[in-house]
Structures are given as C-alpha cells and as structure tokens.
Amino acid sequence: MAKEPLFSKLFRESPFSLLKKHMEVVNQTVVTLSDFFAAALVGDWQAAETHRNHIGDLEHEADDYKRQLRMSLPRGIFLPVHRTDLLELVHLQDQIPNKAKDFSGVVIGRQTQFPDALGAPIAELIAKGQASTQRILDVIVELEDLFRSGFSDKEQVMIERLVLEVSDIEDSADSDRVKIHDLMRGHESRENPLDMIFLYQQVADLAAVSDIGQEIGHRVLCMISR
Amino acid sequence: MGIIEDYGSVLLIIAVVCGFLMAWGVGANDVANAMGTSVGSKAITIKQAIVIAAVFEFAGAYLAGGEVTSTIRKGIIDPSILAETPHLLVYGMIASLFAAAIWLLVATINGWPVSTTHTIVGAIVGFAAVGISVESVNWGKVGSIVASWVVSPVLAGTVSFVIYMSVRRFILGSKTPVQAARRGVPFYIFLVAFIIGMVSMVKGLKHVGLSLSFEQSITYSLIFASGLTLFSWLLVRRIKPSSNSAHDEIMTIERIFGVLGIFTACAMAFAHGSNDVANAIGPLAAVNSVLSSGGMVASEAMMPKWLLLLGGVGIVIGLATYGYRVIRTIGSNITELTPSSGFAAVLAAAATVVIASGASLPISTTHTLVGGVLGVGLAHGVAALNLRVIGTIFTSWVVTLPAGAALSIIFFYVLKGIFGG
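Attention here is on the structure that accompanies the text. All residue numbers refer to position in the chain's written sequence, counted from 1. Lettering for chains starts from A, numbering for ligands starts from 1, and both go in the order in which the items are written. Only residues with pLDDT of at least 70 are given local features in this predicted model, and only at 80 or more are side-chain atom pairs given and counted; all residues enter the totals for whole chains, interfaces and linings. Computation of side-chain values covers all heavy atoms of the structure but excludes hydrogens and water.

1. A closer look at the overall build of chain B
Point 1. Counting its secondary structure elements, chain B contains 13 helices and 1 strand.
Point 2. Secondary structure follows DSSP: runs of H or I at least 4 residues long count as helices, runs of E at least 2 residues long count as strands, and numbering of each begins at the N terminus. For chain B, the α and β elements follow one another from N to C terminus as α-α-α-α-α-α-α-α-α-α-α-α-β-α.
Point 3. Here the C-alpha radius of gyration of chain B, 22 Å, is about what a compact globule of 421 residues would show, namely 22 Å.
Point 4. Along the three orthogonal principal directions, the C-alpha set of chain B runs to about 80 × 45 × 35 Å.
Point 5. Sorting the 421 residues of chain B into buried and exposed places 61% on the buried side. We take the radius of gyration over the C-alpha atoms and set the globule estimate at 2.2 Å times the residue count to the 0.38 power. Working definition: with a 1.4 Å probe on protein chains only, accessible area under 20% of the residue-type maximum means buried, over 50% means exposed, and in between means partly exposed.

Structure, rendered in structure tokens:
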C-alpha cells in the first residue's frame, strides 16, 4: 500500500487544531515580549537581543502554521464553519506577532531609553495585551470543544464570556494608552523629539495587541452564531 | 458435456483457489475501510479492530452472506440460456474471479480507489455479454444493482445525517448531556442489533440450513437486541465525568459513545462480511453447482455450506496476513473523527449494507461508508472533508466496470482455448 487509500483521503486535517497551534505560538510571542521589555527597561541589551531573536523565531513558526492552515483549506473542502471565517481568523491572529516584532525591533534598533515614569505603565500595557491573547487562546481551544459538542449552548456561553473579557481588557488597555500619552506629553519638552515620535508609535503597537484580540473575539462570535 | 467430466476436478480446484484468493483480497484490503473509521475515531484500538473484524466478518459471511452470493452466482446471468453449454458458465466465472483478482492487485499497487464489488459485477457482465450473448445477461437485475450503488451511499448519508442530528439535538444539546448519553447510547445499540438480527434471521440463516418464520425472527431479534442493550447499559452506567468542567463533560460523553463505537464496529464488520464474501464466493458457487451436478445449470440447487465457510476463512486469513497493516494506515490517517460522529457514520453504513445484503444487492461498503461520513459532515459533525473524493468514486465506477469486463473477456477466451468448447 504505497498510496493513501480512498477512504482516508476523505478526511482532511482539522483546521481547528492548526488554528490552535498557530494561536499558541502567537501567545508565546506576547509572553516573550514582556520578558523582552523587562530586559530592555534595565538596559540589559544582551538579554533583550536574545528575547528579540526568540520573538523572530516564533513569528516564523506562526507563519508556518498560517501557511499550513491556508493549504489545508482548498476550495471544495467541506467544513462546519465558513472557510473565509477561518482564513480571516488566522490572518488576524498573525498580526499579533508582527506587532511584537515591530515593537522589539525599534527598541533594539534605537536602544530606546524609556523615561522612568513610563516603565511601569508600558509594562502594564504589555501585560494587558498578554492577558488578551491568553483569553483568545482559550477561545480558540474552546472552538474545538464547541464543534465536538455539536455547538452546544454551554460552550457558546463560555466562548461569549471569554470574548466579553477580551473586550473589557481592550477597554482598559485603551484608557492605559491615553494615560501613557498624557504622561509622555508631560515629558516631551525634556526628551529628544525624534525619540518621542518613535515612542508614540511603539505605544500604539502595544495597544494594538489588545485591539486585535478584540477583533478576533468578535470574528469568532460571528463565526459560531447561528 | 465431455469437458466437464474430463476436466471437472481441475476446473473446480482452479475456481476454489481463485475464490480463496479473492476472499483473501477482501480481507486484506476492503476490511480496512470498514474498520478504519472505528479505529480513527478512537472507539476501538487496532488490536480490538482485528479481533472484531476476524469474528464478525466471518459471522457476517457465514450467517448472512448467502443472499448476495446467490445474486452473483445466478442473478446477473440468466442460467437457463446456458443449459446447453454449462462449461461456458464455468469458464466465465473462473475468468471473472481471475480478472477481478488481477485488477484489484494492479489497482492496489497503484493506489487507485476501486471497489471489489464493482470489479466482479463488471467482470461477470463482461464475459456474459461478449463471450456468450447480450441476452444472457439479466439486465433488469444489473440495472437494479447499479441503481443500488447510487442509492446506498445516498441512503447511508441520509441516515447518518438524521442519526447525528438526533445526537446533537437529544444528547449533546440536552441540559444534562452525560445522562442523556447514558440513556441514548443503549437505544442506538438496540437499533443496530435489531436490524442485524432481522436481516440475518429472515434472509441469511436459510442459506446455512436454518429456517425461521417471520414471527420467530422478530421474537429472536428482539431478544438478541434487548440482551445487547442491557449489556451496553451496564457498560455505560459506570462511565462518569472526573470533574464538572465542560471539557470533561464532553470527554465523558465521547467515552460513552466509544462504547457504542465498539458495537457499531462489530456491526460494520458483520455487514461487510455479509455483502463482500459474495464477491469471492458467488462465482465459485456457480462453478461448483455446475460441476457437482455433472453439467446441470441448476439454479435452484442449495448452496453448500463449505463455500461460505471457505469465504469466511479466506477473509480472516487476508486480514491476519495483510489487512491489519491497512487498518493501521487508515486508522492513523483518520484522526479527525470523534466517537460521536464516527459512530453515526458507521452505524448508518452498517445498516445500509446489511439491508442491501438482505435484499441480495452487492454494493460497495467503502462507498457506503463515504456516504455515511458525508452525511455526518453535512450535520456539522466532521472538522474537514475533502469533497473531491466523490469525484474519485465516480471515476472509479467509470474505470472499474470496463476494466473488469475487458479482463474477464480475455481470460474467458483463454480458458476456452485451453479446455476447448
């Protein structure tokens, strides 16, 4: 039996498990991002470089899963959800590592010196992004159970609850960002203007992690609503 | 009539060897499709699959294989036309076995999706229409067989859709799904056991010399089904969730469906044995009845029990020597089925195949299972299905029938050349 038998050709790898693997890696990039920031804040550039490389590796790994998932969803495949929903989901998930890479890249490249007053609030913003991706990972894990349980109400309710939490995190990350911007405005006159422009952009990148999380959550709700 | 007297024993030995090879091929190859779904959904392990297949393929072949065997033996060709030239029937049936065995070998090596059933039917129609006469083929019967190839996957798909929807509605969607599963699963087991019991007793057992009235059949089937239901109820009663989390609950429900999966796997093996043994034994039975009656094309003669026995043993040996590997391959390829979705597909396919066996229609077990899986997919029970397989099935019909026919025509004339006539 050199070739795959007809009957097993009927079954394709579950897109849910690939989506889950992708999200696990995505979550790991955000976890690494907080380690990276901790190192960068105290000026330990060697450790920061290591974390930064790790984020790059994870981003590649996520790309691999993204490609596998896209390959596993050719036309003519039959799924319990819309194919386009899954493609859109993995596209959104994949933007999170990009943000982590952008942020860490600029920090390394410019050896950013964070004003003392900003250290704690930025760490907090990263932690919120991490909390958001962790919830999203939980949602993606639940998707498999939801589908196994025949889209039972109980599973739907659990996913809805998690998505609500993600929305709350996004709200609070948003007000954090406003607070950080206010702090930065107070510092502006004393710092290098170019550094400040970059810093605004970097804070925007970090806040975007929670935004994307919320977007993924809403997309999942659309996908599973009947 | 000299040919039969002169070469009778040689021809019989050739036929027995060919029939046994075909039975071996069924066991080596086709059984894997029947068992792979149950293995893939993790309802049973590979070892359990082999034991179940060995026992229930044999039981199905021996207890319920008679009806389809008699279709292959005397349903496709009108035997009365061959009354004057019985040796042609013998040549043709041997040629068909040869043709099917070789075609299946070639197809298996190349990984082409062919059906044993389609090959043998194509082969018999081929030699009869070309080697004897177009009128010797019972076209009405052939028409209904071909129709059943379309109907059986569609029926299995419809049934599995309904079964899976009922699982979603009444078990997974219930407020207390674990309790609902414990109550529901024995009900499904009752259903399978009753259908199998009825088909075997009404249609199958008369071929092994046991005749039951319809009322007796109902009574015994009810007793048989109730016994199994009680047994399964005792089994699932002990399965309890380890915690109250939703995930553990789903896992517990799947374990309960796993018990059901064992029963449906048995049913599938039984159904497969009852339908596919005929591919090997049907032509052999035809040869045997001509030779043992000394040249009479006796269409009413009783089929000897040793034929079904030979078929059953051949399937089991095929399974033991090669089939277990194919089961492993398929079982490890199909990982996306859960016990709850797998059982619906297998149950629907097993019921369809057993009913086809009772209606003496030779159908493709694999195609029926594909139909069953697609039905579950339509009910959102499978993560991802590749619909191109449907196209592959149609292609295999278009290719296999002429291929089987062409080969059997060639072998028919070769045999005619060797033994004369």
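What follows continues from the structure just given.
2. A look at the overall build of chain A
Point 1. A count of helical and extended segments in chain A gives 7 helices and 1 strand.
Point 2. The order of α-helices and β-strands along chain A, N terminus first, is α-α-α-β-α-α-α-α.
Point 3. Counting every position in chain A, which comprises 226 residues, the buried fraction comes to 50%.
Point 4. Whether two residues are in contact is decided by their heavy atoms, any of which lying within 4.5 Å being enough. A fraction of 80% describes how many contacts in chain A between residues 6 or more apart in sequence connect residues 24 or more apart.
Point 5. Carbon and sulfur atoms make up 50% of the accessible area of chain A, which amounts to about 9900 Å² in all.
Point 6. The average position of the 25 basic charges and that of the 37 acidic charges among the side chains of chain A differ by 7 Å. Throughout, the Shrake-Rupley method with a 1.4 Å probe supplies accessible areas, and for residues the shown protein chains are the sole cover considered. All tallies of charge rest on Lys and Arg as positive and Asp and Glu as negative; His and the ends of each chain are not included. Working definition for charges: the position is that of NZ of Lys, CZ of Arg, CG of Asp or CD of Glu.

3. Re helix 3 (residues 45-71) of chain A
Residue and element names in this part refer to chain A.
Point 1. The terminal C-alpha atoms of helix 3 lie 39 Å apart, and with 27 residues this matches the ideal 39 Å at 1.5 Å per residue to within 8%.
Point 2. Where helix 3 is concerned, the buried positions are W45, A48, I55, G56, L58, E59, A62, Y65, K66 and L69.
Point 3. In this structure, the buried side of helix 3 is in contact with helix 2 (15-41) and helix 4 (83-110). Here the expected span of a helix is defined as 1.5 Å times the quantity of residues minus one.

4. What to know about the interface of chain B and chain A
Point 1. Contacts between the two partners involve 48 residues from chain B, matched on the other side by 32 residues from chain A.
Point 2. As used here, buried area is the combined drop in accessible area, with a 1.4 Å probe, of two parts when they are placed together. Roughly 3500 Å² of surface becomes buried between chain B and chain A when both sides are summed, with 65% attributable to carbon and sulfur atoms.
Point 3. Salt bridge, as applied in this entry: a Lys or Arg side-chain nitrogen positioned within 4 Å of an Asp or Glu carboxyl oxygen. One can count 0 salt bridges joining chain B with chain A.
Point 4. Contacts described as polar in this section are N or O atom pairs within 3.5 Å, which, within protein, must combine one atom able to donate a hydrogen with one able to accept it, while residues neighboring in sequence count only if both atoms come from side chains. At the surface where chain B touches chain A, the tally comes to 6 residue pairs in polar contact (both at pLDDT 80 or more).
Point 5. Within the residue set of the side of chain B that touches chain A, elements represented by two or more residues are helix 1 (2-40), helix 4 (86-110), helix 6 (139-172), helix 9 (246-292), helix 10 (305-333), helix 12 (365-378), strand 1 (385-386) and helix 13 (388-419) of chain B.
Point 6. With 8 residues, the top contributor of residues to the side of chain B that touches chain A is helix 12 of chain B.

5. Topic: the packing of aromatic side chains
Point 1. Between rings of Phe, Tyr and Trp, where Trp is taken as its six-membered ring, a pair exists when centres lie within 6.5 Å; planes separated by under 30 degrees are stacked, by over 60 edge-to-face, and by other angles tilted. Tallied over the full model, the rule gives 15 aromatic pairs over all chains.
Point 2. Geometrically, the ring pair formed by F98 of chain B and F411 of chain B is tilted, given 5.2 Å between the ring centres and 35° between the ring planes. Here F98 of chain B is found in helix 4, whereas its partner F411 of chain B is found in helix 13, with 313 residues between them in sequence.
Point 3. When its relative accessible area of 34% is taken as the criterion, F98 of chain B is described as partly exposed.
Point 4. Three or more aromatic residues joined by ring pairs make a cluster, and in this case those are F36, F37, F103 and F114 of chain A.
Point 5. Between the NZ or CZ atom of R237 of chain B and the centre of the ring of W233 of chain B, over which it lies, the distance is 5.2 Å. Two limits define a charge over a ring: the Lys NZ or Arg CZ must be within 6 Å of the ring centre, and within 35 degrees of the ring normal.

6. Quick notes on helix 3 (residues 66-74) of chain B
Point 1. Helix 3 of chain B sits mainly inside the fold: 8 of its 9 residues count as buried.
Point 2. Listing the buried residues of helix 3 of chain B in full gives G66, E67, V68, T69, S70, T71, I72 and R73 of chain B.

7. A short note on the packing of helix 5 (residues 116-148) of chain A against helix 7 (residues 193-224) of chain A
All names here are of chain A.
Point 1. Running from amino to carboxyl end, helix 5 crosses helix 7 at an angle of 20°, the nearest separation of the two axes being 10 Å. When the axis of helix 5 is compared with that of helix 7, the two are roughly parallel. Taken as a pair, helix 5 and helix 7 cross one another with a handedness that is left-handed. A fitted line through C-alpha atoms serves as each axis, taken over the contacting stretch for helices, and the angle formed by two N-to-C directions is quoted from 0 to 180°. Between 65 and 115 degrees an angle is taken as roughly perpendicular, under 35 as roughly parallel, over 145 as roughly antiparallel, and anywhere else as oblique. The hand of a helix crossing depends on one turn: near helix anticlockwise from the far one by less than a right angle means left-handed, and clockwise means right-handed.

8. With respect to the side chain of E67 of chain B
Residue and element names in this part refer to chain B.
Point 1. Along the polypeptide, E67 turns up in helix 3.
Point 2. Judged by its relative accessible area of 9%, E67 falls in the buried class.
Point 3. Contact partners of E67, with chain neighbours within four places excluded, come to K203, K206, H207, S357, G358 and S360.

9. As for the environment of L11 of chain B
Residue and element names in this part refer to chain B.
Point 1. Among the structural elements, L11 can be located in helix 1.
Point 2. You can call L11 buried: its relative accessible area is 0%.
Point 3. A C-alpha to C-alpha distance of 21 Å links L11 and V313, two positions 302 residues apart in sequence.

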